[in-house]
Amino acid sequence: MKKTAAIILAAAMAMGLTACSGFDDEKPAETTTAGTAETTTGGTQTEAGAKGVVYGIYKAGDQTWFIDEGAAAQKAVEEKGDEFIYVDAKMNPEEYLKAIDNAIANKAKGIVTCIPDQTMSQAVVDKCKEAGIPIVSADDALQTEAGEKIAPWVGINAYVIGQANGQWLADYANKNNLAEDPECGLMILTMDTVSSCVPRAEGEYDKFTEVYPDFPKERIYKADHDGTTDKGNVAATSVITAHPEIKKWLVTGANEEGTIGAVRALESAGLDANATAVGLGAYMAKDEWNNKGADGTCMKAAAYFSSDSVGAGSVNVLYDVISGKEVPIETAVDAVIVTPENYKEVMGKAAE
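Fair warning: this is a prediction, and the values are worked out from it, not measured in the lab. (Residues numbered from 1 in each chain as written. Predicted model: local features only at pLDDT ≥ 70, side-chain atom pairs only at ≥ 80, totals over all residues. Heavy atoms only, no water.)

Draft legend 1. Local environment of the confidence of the model for the chain. Per-residue confidence for the chain gives a mean pLDDT of 88, with 86% of residues at or over 70. Within the model, the stretch residues 1-34 combines pLDDT values under 50 with 201 contacts to residues more than four positions away or in other chains. Confidence drops under pLDDT 50 across residues 38-49; counting only partners more than four residues distant or on other chains, this segment forms 37 contacts. (pLDDT = per-residue confidence, 0-100. Contact = heavy atoms within 4.5 Å.)

Draft legend 2. Structural context of the sheet that holds strand β8 (residues 220-224). The mixed open sheet is built from 6 strands, whose spatial order is β8-β7-β9-β10-β11-β13. Each having just a single partner strand, β8 and β13 (336-338) make up the two edges of the open sheet. On average, each strand axis in the sheet is inclined to that of its neighbour by 20 degrees, with strand direction left out of account. Taken together, the 5 bridges between strand β7 (residues 184-190) and β8 define a ladder with parallel strand orientation. Across the sheet, Met187 pairs through a bridge with Tyr221, a residue of β8. (Pairing = 2+ DSSP bridges. Helix = DSSP H or I, 4+ residues; strand = E, 2+ residues; numbered from the N terminus. Axes fitted to C-alpha atoms, helices over the stretch in contact; angles between N-to-C directions.)

Draft legend 3. Spotlight on the packing of helix α4 (residues 158-175) against helix α5 (residues 198-211). Direction vectors running N to C along α4 and α5 enclose 35 degrees, while the axes themselves pass 6 Å from each other. For the pair α4 and α5, the sense of crossing is right-handed. Counting all contacts with α4, which are made through Ala158, Tyr159, Gly162, Gln163, Asn165, Gly166, Gln167, Leu169, Ala170, Asp171 and Ala173, the residues of α5 involved are Pro199, Arg200, Glu202, Gly203, Glu204, Asp206, Lys207, Phe208 and Val211. Residues of the contact of α4 with α5, tallied by class, amount to 8 nonpolar, 6 polar and 6 charged. (Left-handed = near helix turned anticlockwise from the far one by under 90°. Nonpolar A, V, L, I, M, F, W, Y, C, P; charged D, E, K, R; others polar.)

Draft legend 4. Just unusual backbone geometry, in detail. We note that Asn177 has phi near 50 degrees; this positive angle belongs to a residue other than glycine. With respect to the element layout, Asn177 can be found in the loop between α4 and β7. For Asn177, a relative accessible area of 46% translates into the label partly exposed. Positive phi, normally seen in glycine, also occurs at Ala282, with a value near 75 degrees. (Buried < 20%, exposed > 50% of the residue type's maximum accessible area, 1.4 Å probe, protein only.)

Draft legend 5. Quick peek at helix α8 (residues 285-292). Of the residues making up α8, those classed as buried are Ala285, Lys286, Glu288 and Trp289. One side of α8 carries all its buried residues, which in axial view fall inside an arc of 155 degrees. The inward-facing, buried residues of α8 contact α7 (256-268), β11 (299-304), β13 and α10 (343-347). (Arc of directions from axis to C-beta.)

Draft legend 6. Examining the nonpolar core more closely. Of all hydrophobic cores here, the largest spans 79 residues; its most connected members are Met187, Phe208, Phe215, Trp249, Leu250 and Val338. Counting residues per element, this core draws most heavily on helix α9 (residues 307-322), at 7 residues. Once residues within four sequence positions are removed from consideration, Met187 is found in contact with Tyr221, Ala223, Ala236, Val239, Ile240, Trp249, Leu250, Val251 and Thr252. Core analysis: the second largest hydrophobic core is formed by 21 residues, Ile57, Ala99, Ile100 and Ile115 among them. (Core = buried A, V, L, I, M, F, W, Y, C linked by side-chain atoms within 4.5 Å.)

Draft legend 7. Spatial organisation of the packing of aromatic side chains. Using the criterion set out here, one finds 10 aromatic pairs in the structure. Relative to Tyr172, the ring of Trp168 has its centre 5.8 Å away and its plane inclined at 5 degrees; by these criteria the two rings are stacked. Residue Trp168 and its partner Tyr172 are both found in helix α4; the two are separated by 4 residues, about one turn of the helix. Among the residues examined, Trp168 registers a relative accessible area of 22% and is labelled partly exposed. Take Tyr172: its relative accessible area is 31%, and that puts it in the partly exposed class. Put simply, the rings of Tyr58, Phe66 and Tyr86 pair up and form one aromatic cluster. Against the face of Tyr319 rests Lys80, its NZ or CZ located 5.4 Å from the ring centre. In this structure, Lys222 packs its charged tip against the face of Tyr205, placed 5.1 Å from the ring centre. (Phe/Tyr/Trp six-rings, centres within 6.5 Å; stacked < 30°, edge-to-face > 60°. Lys NZ or Arg CZ within 6 Å of the ring centre and 35° of its normal.)

Here it is, written out as structure tokens:
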């Protein structure tokens with residue numbers, strides 16, 4: 001598991017992640033929980049019934065995932081009669097700590113958060129505990145250097161979701177006998193410094209090689225990036241340039257932005273017509289399909305999990321902590337693969 005991290009959280013539903021909606025006609029997601037967290041995490045001095053302010057502090061608040069997650073969190077908080085303040089930490093640890101200090105200074109009722117650097121986790125939890133302010137992590141856990149969670153966490157069932165992508169790509173490659181095609185390669189966009197993202201890429205690799213063991217491992221490449229579309233594009237471009245012998249790329253990654261970055265790199269290289277990409281989240285894949293149609297993009301599938309379920313879920317867990325309830329230390333959401341043929345039915349209003 002690595003370090004660096006990210007946002008607010010969600011509990012019950014069946015999406016597949018990590019995520020995107022919160023409307024009545026959206027398919028509910030199944031959740032799994034593990035362990036319990038003492039309600040003293042972050043303190044519980046604020047009365048659940050007292051009107052107050054909840055902060056949502058997200059590491060990359062300008063990204064679609066966090067915008068949608070924050071909107072769902074805001075709706076859940078306002079339904080409780082409280083105010084929600086959304087903060088974009090801009091992937092900047094200093095900005096993030098400033099936001100935490102502001103929330104404490106303003107006597108926040110609670111905080112839901114995705115931290116930009118998980119090495120700061122203990123300091124953040126200690127600050128909140130001293131101030132008596134409950135905190136719940138979303139997407140990226142607040143954890144020790146050994147990876148042990150030190151605050152309740154809501155996010156996606158990372159490894160299982162990665163496996164779903166690996167399964168889909170392996171089935172596709174097997175069906176088209178791509179192991180025998182020397183011009184075909186698999187690229188996995190990794191995020192090795194984000195603990196919540198590492199299992200996604202691992203699940204993709206493990207399931208792909210398990211289901212399709214005939215595919216040569218020397219034609220499987222990894223491109224590491226920071227989670228942004230731009231850096232995903234740069235990382236993918238480097239791999240594409242280094243391997244001109246590969247003309248037919250299979251692509252997946254640890255998040256939607258990185259995969260979209262690779263899609264753009266393939267388009268720039270003129271290789272998109274023979275490429276097949278699988279996203280992780282579907283919140284950008286659906287834009288590809290809405291704007292370009294199934295045949296206008298090499299993004300052919302995506303693991304869908306609702307950012308809404310993570311956003312609302314993290315708030316639900318937070319209010320349970322505020323109320324003095326014992327909550328699970330982990331609340332995870334699973335995903336379902338969507339394609340241009342079924343995404344509108346599966347995603348509901350989130351597909352718009």
